[in-house]
Amino acid sequence: MAEVRIELIEKRIGQKTILPPLTLTVHDGEFFVLVGPSGCGKSTLLSLLAGLDQPTAGRILFDGVDVTDLEPRERDVALVFQSYALYPHMTVRENMAFPLTVVPRAKRLDRKRIEEEVERVAGFLGLSALLDRRPRELSGGQRQRVALGRALIRKPRLFLLDEPLSNLDAQLRASMRAELLRLHKELKVTTIYVTHDQTEAMTLGDRLVVLNQGRVQQIGRPHDIYAAPANLFVAGFMGYPPMNLLSARLGADSIRAGPLDLTRPPGMPPVDQAQSVTVGLRPEDLVVRPANGPGDEGNGLGVVRLTEPSGPTLWVTVELNDLNNEAFTIIGTAQAGFVPKIGERVAVSAPRTTLHLFDPTTEQRWGAG
Amino acid sequence: MGRHDDQGRFMMNRLRTRGLTVCVLVVVGLFCLGPVLWQAVTSVKPDQDLVRLPPLFPERVTSVHYDRVLLKSSLPRSLANSMIVATSATVTAIVVGAFCAFALARLPITGKSVILGVALVTSMFPPIAVISPLYLLMRELGLRDTLVAVGLTHAVYSLPLAVWLLTSFFQQLPKELYQAARIDGCTPLQALLTVIFPLARPGLAVAALLVFIFSWNEFMFALTLTASDATRTAPVAVALFPGLYEIPWGDLAAASLVVTLPVAGLALGFQRHIIAGLTAGSVKG
């Protein structure tokens with residue numbers, strides 16, 4: 001277990017910047033998620049933490065001790081690869097015992113102790129019956145478990161996971177997520193989890209950092225990031241369906257976002273003159289109702305383009321036209337009991353005042369600083 | 001009706017193609033294996049039948065030539081020499097080559113392609129171009145007329161081949177396996193011995209086989225660097241069979257077959273692996 005501090009870490013290859021200077025602290029025992037689109041530098045960061053790659057500049061500290069120049073084996077970190085990287089020529093037992101058998105003889109456990117450890121971890125992960133199989137005889141979920149077991153067996157200070165669930169089918173992914181959380185609760189090892197899937201990031205992390213092109217966009221607890229995204233990138237990336245982002249004019253007492261008239265949130269500082277802003281509206285904050293119902297005035301009227309049933313909610317993609325006949329496409333939630341058909345005319349309103357304002361030039365959250 | 005015709009024509013074409021293929025194969029086969037067959041026939045003919053034609057095939061079969069080369073000549077000694085030279089050359093080339101290849105495939109080294117290029121260029125040198133300096137070098141080292149000289153030369157000469165083959169083989173192993181081994185606590189050497197080499201066994205076997213066959217068949221270096229029966233390898237011994245006044249055709253044929261048999265057997269036995277090894281990369285292991 002360790003606190004991990006990354007100080008101005010940077011990676012360049014020749015003239016090409018892979019990772020611009022980055023500073024980050026992961027607390028002891030935390031489940032920390034790095035999330036971002038592919039190519040945002042999260043896997044590079046993980047390699048640097050594991051010691052598989054050397055940074056061009058900057059320092060990495062575990063519990064205040066500089067480990068930047070240490071070999072992977074001296075750092076005592078475990079890494080679960082996206083491809084699992086199980087040793088194909090070894091049985092499950094040998095795979096899991098491997099980290100214990102390659103330590104220098106003076107520090108190595110005796111054979112019986114290693115065997116006991118393997119049995120213990122295998123029992124813990126439900127692998128006891130598979131110990132004598134080879135990786136190619138296992139299903140994806142089982143391989144994943146073996147990879148976890150191999151990483152956990154020597155109780156590392158830091159546990160790194162590189163998109164470990166992306167090769168599994170959706171159902172297995174959900175149950176493995178629960179399993180990972182259980183493991184983390186029991187072992188309390190500092191865990192850094194890399195993913196491009198924002199759902200995973202939201203459900204797993206104690207805290208998460210959103211990265212884009214190697215730059216930190218926002219760090220915080222999942223709920224805080226969801227409730228108050230720091231900039232347009234985070235707003236568009238976190239949450240499914242993605243937040244609707246509309247350019248709007250901010251008046252003295254109203255917000256006009258294309259075809260929608262929105263109420264000013266209470267407590268918002270007054271503005272002197274009309275300002276252009278970008279308004280972000282989560283799909284769950286927009287209600288889609290049949291058109292010509294009561295209270296249509298001031299609400300956007302539009303045509304249904306797509307419906308996506310998702311359990312209790314029905315996401316509706318609506319195309320709206322504003323006064324200048326400019327088309328807007330937004331996603332909202334169907335009113336309870338209303339099942340719109342494609343092509344149907346509907347009304348869209350934002351009854352609640354949970355809206356997000358962004359400065360269209362700096363792309364930062366409006367009024368944030 | 002037209003369809004029937006088409007089908008008939010199609011069948012005819014197929015037959016014609018098939019026939020042509022068989023013809024070509026037979027011609028090529030005869031061209032390549034004819035001399036070997038001729039030699040096999042020669043090796044069992046009695047001396048007096050050797051220079052007569054007909055008969056094409058012997059009326060009497062004799063083992064006198066085999067008796068002579070295996071029991072009364074220095075060929076057994078030469079075969080043993082060949083075995084020692086080829087084995088040691090193979091072991092040296094594969095051990096050194098595997099470490100080189102792994103470094104080139106996985107370790108952060110600048111100028112990898114330059115190194116590989118230079119290795120390729122050296123393997124392109126015609127042996128005759130290096131033979132005089134090599135002879136002088138071995139003489140100065142006091143290694144002239146020793147098996148060490150021949151084995152070492154063969155190892156050095158086949159090293160580029162081994163390095164190239166093994167580099168591409170190591171590159172095909174997923175990078176993550178090496179990284180996983182490093183994370184699990186291996187030193188680079190441990191990772192190499194416990195994970196990479198076991199997985200690269202097919203590649204190592206193919207490289208070893210090719211080096212062995214090269215060394216077994218190699219003639220010019222072996223001829224130049226040896227001077228006595230004690231150190232001659234089999235190809236050299238066979239070449240020195242002809243006496244001063246006569247050429248013992250029967251003995252020569254028997255000796256040639258005896259020398260060819262081990263490598264031919266190896267090549268046939270491992271044919272599938274050799275081809276798989278040489279084309280590896282197109283197929284996922």
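Residues numbered from 1 in each chain as written. Chains lettered and ligands numbered in written order. Predicted model: local features only at pLDDT ≥ 70, side-chain atom pairs only at ≥ 80, totals over all residues.

### Concerning the overall build of chain B
- A tally of regular secondary structure across chain B gives 13 helices and 0 strands.
- Mapped in sequence order, the helices and strands of chain B form the string α-α-α-α-α-α-α-α-α-α-α-α-α.
- Here the C-alpha atoms of chain B give a radius of gyration of 25 Å, more than 25% beyond the 19 Å that 2.2 N^0.38 yields for 285 residues.
- Its C-alpha atoms give chain B principal-axis dimensions of roughly 85 × 75 × 30 Å.
- In chain B, which comprises 285 residues, the proportion classed as buried is 33%.
- Partitioning the contacts of chain B with sequence separation of at least 6, the portion at a separation of at least 24 is 78%. (Helix = DSSP H or I, 4+ residues; strand = E, 2+ residues; numbered from the N terminus. Rg over C-alpha atoms; globule rule 2.2 N^0.38 Å. Buried ≥ 20, exposed ≤ 12 C-beta atoms within 10 Å, placed from the backbone. Contact = placed C-beta atoms within 7 Å.)

### What about the pairing of strand β17 (residues 313–321) of chain A?
Residue and element names in this part refer to chain A.
- As defined by bridge partners, strand β16 (residues 300–310) adjoins β17 across 8 bridges and the pair is classed as antiparallel. Considered in β17, the bridge of Gly302 is made with Leu320.
- Adjacent in sequence and paired antiparallel, β16 and β17 are bridged by 2 residues, among which Gly311 carries a positive phi angle near 60°.
- Where β17 lies against strand β18 (residues 327–334), 7 bridges are found, and the strand directions are antiparallel. Paired with Val318 across the bridge in β18 is Ile330. (Pairing = 2+ DSSP bridges.)

### Description of the sheet that holds strand β7 (residues 158–162) of chain A
Residue and element names in this part refer to chain A.
- Judged by pairing direction, the sheet is mixed, and its 6 strands sit side by side in the order β6-β7-β8-β3-β9-β10 without closing on themselves. The sheet terminates laterally at β6 (77–80) and β10 (215–220), the two strands that pair on one side only. Pairs of neighbouring strands in the sheet enclose a mean axial angle of 15°, with direction left out of account.
- Of the pairings in the sheet, the one linking strand β3 (residues 31–35) to strand β8 (residues 190–195) comprises 5 bridges and is parallel in character. Directly across from Val33, in β8, lies its bridge partner Tyr193. (Axes fitted to C-alpha atoms, helices over the stretch in contact; angles between N-to-C directions.)

### Quick notes on the interface of chain A and chain B
- Each partner contributes to the interface: chain A provides 18 residues, whereas chain B provides 16 residues.
- Among the elements that make up the side of chain A that touches chain B, the one with the highest residue count is β6(A) (3 residues).
- Of the residues assigned to the side of chain A that touches chain B, the class counts are 14 nonpolar, 2 polar and 2 charged. (Nonpolar A, V, L, I, M, F, W, Y, C, P; charged D, E, K, R; others polar.)

### Here's the deal with the sheet that holds strand β2 (residues 16–26) of chain A
All names here are of chain A.
- If you trace the 4 strands from one edge of the open sheet to the other, you get β2-β1-β4-β5, paired in antiparallel fashion. Strands with a single pairing partner mark the edges of an open sheet, and in this sheet they are β2 and β5 (65–66).
- Across 5 bridges, the pairing between strand β1 (residues 4–13) and strand β4 (residues 57–62) is antiparallel. Bridge pairing links Val4 to Phe62 in β4.

### What about unusual backbone geometry?
Residues and elements named next belong to chain A.
- Following Tyr240, the chain continues to Pro241 via a peptide bond in cis, the omega torsion being -5°.
- For Tyr84, which is not glycine, the phi dihedral falls at a positive 70°.
- With respect to the helices and strands, Tyr84 occurs in the loop between β6 and α3 (92–101).
- Tyr84 gets classed as buried once you count the C-beta atoms within 10 Å, which come to 21.

### As for helix α4 (residues 111–125) of chain A
Residues and elements named next belong to chain A.
- In this model α4 runs 21 Å from its N-terminal to its C-terminal C-alpha over 15 residues, within 8% of the 21 Å that 1.5 Å per residue would give.
- Considered for burial, the residues of α4 that qualify are Val118, Val121 and Ala122. All buried residues of α4 project into a common sector of 100° when viewed along the axis, lining one side. Set apart from the buried face of α4 by more than 90 degrees, the exposed residues are Lys112, Arg113, Glu116 and Gly123.
- Close packing links the buried residues of α4 with α3 and α5 (140–152).
- A positive phi of about 70° marks Gly126, the residue just after α4. (Expected span 1.5 Å × (residues − 1). Arc of directions from axis to C-beta.)

### Notes on the domain arrangement of chain A
All names here are of chain A.
- Splitting chain A by domain gives domain 1 (4–237) and domain 2 (244–358).
- Each partner contributes residues to the interface: domain 1 has 5 residues there, and domain 2 has 5 residues.
- The residue makeup of the side of domain 1 that touches domain 2, split by class, is 3 nonpolar, 2 polar and no charged. (Domains from an automatic or database assignment.)

### Observations concerning helix α6 (residues 170–187) of chain A
- For α6(A), with 18 residues, the first-to-last C-alpha span of 26 Å sits near the 26 Å given by 1.5 Å per residue.
- One or two positions beyond α6(A), positive phi appears at Lys188(A), with a value near 55°.

### Comments concerning the environment of Gln275(A)
Residues and elements named next belong to chain A.
- Note on placement: Gln275 falls in strand β14 (residues 275–281).
- For Gln275, a count of 14 C-beta atoms within 10 Å puts it in the partly exposed group.
- Here the alpha-carbon distance between Gln275 and Gly251, two residues 24 residues apart in the chain, equals 6.9 Å.

### What about the pairing of β14(A)?
Residues and elements named next belong to chain A.
- Looking at chain direction, strand β11 (residues 244–250) and β14 are connected through 7 bridges and run antiparallel. Along β14, the bridge assignment pairs Ala248 with Val277.
- Sheet topology note: the β14/strand β20 (residues 356–358) ladder contains 3 bridges and is antiparallel. Paired with Gly280 across the two strands is His356, which belongs to β20.

### Some remarks on the packing of helix α3 (residues 75–106) of chain B against helix α9 (residues 201–217) of chain B
All names here are of chain B.
- Orientation of α3 relative to α9, taken along the N-to-C sense of each, is 140°, at an axis distance of 8 Å. The pairing of α3 with α9 is recorded here as oblique in orientation. Here α3 runs over α9; the crossing is right-handed. Residues Ser82, Val85, Ala86, Ala89, Thr90, Ala93, Ile94, Gly97 and Ala98 of α3 form the contact with α9, whose own contacting residues are Leu204, Ala207, Ala208, Val211, Phe212, Ser215 and Trp216.
- Of the residues in the contact of α3 with α9, the class split is 12 nonpolar, 4 polar and no charged. (Parallel < 35°, antiparallel > 145°, perpendicular 65-115°, else oblique. Left-handed = near helix turned anticlockwise from the far one by under 90°.)

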